[in-house]
Amino acid sequence: MYIVTGGGTGIGRAVALSLQSRGEDVLVAGRRRAPLDDVAGDTGGAVRTVRCDLSTPDGARTLAAAVDTDVDGLVHCAGGNPAIGGPEASTLEAEADLVRETLDSNVTSAALAVSALSGHLTAGASIVLFGSIAAEHGVGYYGPAKAAVASYALGLAASLGPRGVRVNCISPGYIAETEFFAGTMTPEREAELRAGTTLGRTGVPDDVVGLTEFLLSSRAQHITGQNLHLDGGAHPTR
Ligand SMILES: NC(=O)c1ccc[n+]([C@@H]2O[C@H](COP(=O)([O-])OP(=O)(O)OC[C@H]3O[C@@H](n4cnc5c(N)ncnc54)[C@H](OP(=O)(O)O)[C@@H]3O)[C@@H](O)[C@H]2O)c1
């Protein structure tokens, strides 16, 4: 089976629907009921869902408790930038909360999901984590958190490699049609981001599906510990 965290919306939703359309057993995790019900409804109930906050140990236990068979792949899309749409932190306490919330959303959630599912992972299983081009640009605490996710993927690949488990990180540039920007994206900013790509196009969740499914597949059996940018050339890496 495949687990897609954050699979109620955006990139995760596109990945979950694609895997299910190929006949895979898919479990989608997220905190809100409504997006989970939507993705389940769109597949006639074929995609199973579990409500959990993966930034907490209890949430990770809830995810693991919903898993009743071996896990062939974990796609960890849960994450985000809590600073978007929120007020500026005006006290040290608020600043500390924002740092912790950003790290919890992206780094703690990845660590807890992986640890909770570790015993279920088959030899040959593949884990795909999500970083961001923001790691290359800074971007408040979100960029640092995504840099940490990419580094975590590298270390995890080394520790799980002997079990035959591969771990890679996909770091997208701007991807439209997600809830990531919480309604704050403007046409002007979108045009700027599009102009920053070498392809002159805006990415959409389906652009991420192909690479994710490739990394999950045995065709990628010799690829692990990588951080792969998927951004229309906005940040060429070599
Ligand atoms: N869109 C972009 O431009 C972009 C660019 C680079 C990287 N990314 C990364 O790509 C990944 C997917 O994001 P997206 O673009 O598809 O945005 P999205 O639509 O906001 O998806 C994020 C999903 O994660 C879930 N989630 C967040 N925190 C969670 C938690 N603690 N426990 C469980 N579920 C949680 C959210 O659902 P609930 O709120 O219901 O839990 C939501 O469904 C994220 O890691 C994001 O940082 C996105």
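Bear in mind the structure is a predicted one, so any value in this text is a computation, not a measurement.

Enquirer: Provide a residue-level description of the pairing of strand β4 (residues 71-76), including the pertinent values.
Expert: By the criterion of burial, β4 is predominantly enclosed, with five of the six residues buried. Alignment of strand β1 (residues 2-5) against β4, held across four bridges, turns out to be parallel. Bridging across to β4, I3 finds its partner in L74. The handedness of the β4 to strand β5 (residues 121-130) crossover, carried by helix α4 (residues 92-117), is right-handed.

Enquirer: Residue-level account of the packing of α4 against helix α6 (residues 142-160), with values.
Expert: At a minimum axis distance of 8 Å, the contact between α4 and α6 shows a crossing angle of 20°. Here α6 runs roughly parallel to α4, going by the angle between their axes. Judged by the sense of rotation from one axis to the other, the crossing of α4 with α6 is right-handed. From α4, T102, L103, N106, V107, A110, A111 and V114 reach across to α6, where they touch Y142, A145, K146, A148, V149, Y152 and L156.

Enquirer: Tell me about the sheet that holds strand β2 (residues 26-30), residues and numbers included.
Expert: What the seven strands build is an open sheet, ordered β3-β2-β1-β4-β5-β6-β7; its pairing is parallel. Among the strands making up the open sheet, the edge pair consists of β3 (48-51) and β7 (227-230). Going from strand to strand, the sheet's axes swing by 20° on average, the running direction of each strand aside. Note that β2 and β3 share four bridges and pair parallel. Among the inter-strand pairings, A29 is bridged to a residue of β3, identified as V50. Contacts from helix α1 (residues 10-21) reach β1, β2, β4, β5 and β6 (166-172), with the element oriented near 160° to β1. Along the sheet, helix α3 (residues 57-65) contacts β1, β2 and β3; its crossing angle with β3, the most-contacted strand, is approximately 160°.

The rules we used
Residues numbered from 1 in each chain as written. Predicted model: local features only at pLDDT ≥ 70, side-chain atom pairs only at ≥ 80, totals over all residues. Heavy atoms only, no water. Buried < 20%, exposed > 50% of the residue type's maximum accessible area, 1.4 Å probe, protein only. Helix = DSSP H or I, 4+ residues; strand = E, 2+ residues; numbered from the N terminus. Pairing = 2+ DSSP bridges. Right-handed = clockwise from strand over helix to strand, strands pointing away. Axes fitted to C-alpha atoms, helices over the stretch in contact; angles between N-to-C directions. Parallel < 35°, antiparallel > 145°, perpendicular 65-115°, else oblique. Left-handed = near helix turned anticlockwise from the far one by under 90°. Contact = heavy atoms within 4.5 Å.

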